[in-house]
Amino acid sequence: MNLLDPPPVATTPTYDLELVPTLLLQTPTPQPSLTGRISLGAPVVRPLTARQAAEGDGDWQEFLESQAGEYDYLLLSLVCSFRPAPDGNPFANAAISIRMEAPGEPEDRQPIAWSISPKKRALPVTASTQLKLTAKLMLVEAGVEYTPEQGGREEVFVVGMGERDSDPEWRFNATASTPLVGDESLTLIVQVPAGVPAQAHITMAATVKQRRLGMIPYRAKLPRALRTIDFR
């Protein structure tokens with residue numbers, strides 16, 4: 001299996017999330033929680049080593065060797081699944097955030113998102129899309145280009161942000177041509193000071209478009225296995 005392939009579903013626990021409505025003053029009646037609409041696979045964390053590169057997994061051996069003793073690099077990947085609405089109320093948008101920290105370490109020794117994928121895309125991922133690493137461990141979706149329509153309104157399905165920060169996130173938006181349905185793989189290269197224990201915390205939210213009440217925001221209740229990830 002390629003290092004950058006999403007982990008096999010059979011070996012990765014998947015959790016159906018409960019979506020709890022966020023209370024809004026303008027909402028006339030309390031809304032029930034939603035289940036069966038979003039699932040999230042347990043994050044998989046793999047160290048990136050010069051040995052892997054030397055064995056033919058990539059051309060980033062020289063970069064890792066130059067960082068040895070100063071920084072470690074880790075590959076974090078997870079898969080999120082958005083399911084169709086049985087009641088006809090689709091997702092309008094969703095967001096997944098990852099907050100990383102090294103408890104007890106100063107600000108300049110906190111983990112950061114060295115590179116993230118996807119960064120910007122107008123359509124869901126296709127089976128032919130391949131993820132690659134450049135010589136400096138930057139993630140690239142091979143064969144994917146984003147070109148906004150000339151003179152038209154920019155319609156972005158997913159955008160990732162927070163590269164080189166400790167709190168990257170991905171935002172998904174249903175568009176006129178693309179509903180928010182299907183599987184999405186999220187990948188993150190994490191830079192951590194060498195040998196420093198670090199962890200990440202995941203949060204997720206989504207908005208459902210109801211025919212009678214309009215936009216209803218929800219937050220996901222995540223089990224501990226998803227809320228906190230130990231990098232070491």
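Residues numbered from 1 in each chain as written. Predicted model: local features only at pLDDT ≥ 70, side-chain atom pairs only at ≥ 80, totals over all residues. Heavy atoms only, no water.

**A look at the overall build of the protein**
1) Next: Along the protein, the regular secondary structure elements total 3 helices and 16 strands.
2) Next: Pairs at least 24 apart in sequence give 75% of the contacts found in the protein among residues at least 6 apart.
3) Next: Accessible area of the protein: about 12400 Å², with a carbon and sulfur share of 51%. (Helix = DSSP H or I, 4+ residues; strand = E, 2+ residues; numbered from the N terminus. Contact = heavy atoms within 4.5 Å. Areas by Shrake-Rupley, 256 points an atom, 1.4 Å probe, with all protein chains shown as cover.)

**A closer look at unusual backbone geometry**
1) Next: With omega at 0°, the peptide bond leading from S117 into P118 counts as cis.
2) Next: Mapped onto the fold, P118 is located in the loop between β7 (112-117) and β8 (120-121).
3) Next: Of note, R164 is a non-glycine position whose phi angle comes to about 70°, a positive value.
4) Next: For R164, a relative accessible area of 40% puts it in the partly exposed group. (Buried < 20%, exposed > 50% of the residue type's maximum accessible area, 1.4 Å probe, protein only.)

**Considering the side chain of S117**
1) Next: Residue position: S117 is located in strand β7.
2) Next: Residue class for S117 comes out buried when judged on its relative accessible area of 4%.
3) Next: Filtering out sequence-adjacent residues up to four positions away, S117 remains in contact with L131, L139, E141, W170, S185, L186 and T187.

**Quick word on the environment of R51**
1) Next: Its place among the elements puts R51 in helix α1 (residues 50-57).
2) Next: Overall, R51 belongs to the exposed group, its relative accessible area being 63%.
3) Next: C-alpha separation for the pair R51 and L64, spaced 13 residues apart in sequence, amounts to 9.5 Å.

**A word on the pairing of strand β6 (residues 91-101)**
1) Next: Relative to strand β14 (residues 199-210), β6 is paired through 10 bridges, and the arrangement is antiparallel. Along β14, the bridge assignment pairs I96 with M204.
2) Next: In this sheet, strand β12 (residues 169-173) lies alongside β6 in antiparallel orientation, the contact comprising 5 bridges. Directly across from N93, in β12, lies its bridge partner N173. (Pairing = 2+ DSSP bridges.)

**Thoughts on the pairing of β7**
1) Next: Burial analysis of β7 places 6 of its 6 residues in the buried class, which makes it a mostly covered element.
2) Next: Bridge count between β7 and strand β13 (residues 182-193): 5 bridges; the pairing is antiparallel. Following the sheet pairing, I112 is matched in β13 by Q191.

**Some remarks on the environment of P111**
1) Next: Residue position: P111 is located in the loop between β6 and β7.
2) Next: The buried category is assigned to P111, whose relative accessible area is 0%.
3) Next: In sequence terms P111 and R164 are 53 residues apart; their C-alpha atoms lie 9.0 Å from each other.

**Notes on the packing of aromatic side chains**
1) Next: Across all of its chains, the model carries 6 aromatic pairs by this definition.
2) Next: Cluster of aromatic residues (ring-pair linked, three or more members): F82, F91, F157 and F172.
3) Next: Over the ring of F91 we find R37, and its NZ or CZ is 4.1 Å from the ring centre.
4) Next: Over the aromatic face of W114 sits the side chain of R164, whose NZ or CZ is 3.7 Å from the ring centroid. (Phe/Tyr/Trp six-rings, centres within 6.5 Å; stacked < 30°, edge-to-face > 60°. Lys NZ or Arg CZ within 6 Å of the ring centre and 35° of its normal.)

**What to know about the environment of D59**
1) Next: Examined against the element boundaries, D59 turns out to sit in the loop between α1 and α2 (61-67).
2) Next: Once you skip the residues sitting within four places of it in the chain, D59 turns out to touch L133, T134 and A135.

**Concerning the side chain of T175**
1) Next: Within the element layout of this structure, T175 appears in the loop between β12 and β13.
2) Next: What makes T175 buried here is its relative accessible area of 15%.

**Notes on the pattern of salt bridges**
1) Next: Following the criterion strictly, the structure yields 9 salt bridges and no others.
2) Next: For the salt bridge of R83 with D16, the shortest nitrogen-to-oxygen distance reads 3.1 Å. Of this pair, R83 sits in the loop between β5 (71-82) and β6 while D16 sits in strand β1 (residues 14-16); the two residues are 67 residues apart in sequence, bridging distant segments of the chain.
3) Next: Overall, R83 belongs to the partly exposed group, its relative accessible area being 30%.
4) Next: Look at D16 and you get exposed, because its relative accessible area is 53%.
5) Next: The residue E163 makes a salt bridge to K119 at a minimum N-O spacing of 3.4 Å. Of this pair, E163 sits in the loop between β11 (158-161) and β12 while K119 is found in the loop between β7 and β8, placing the two residues 44 residues apart along the sequence. (Salt bridge = Lys/Arg side-chain N within 4 Å of Asp/Glu carboxyl O.)

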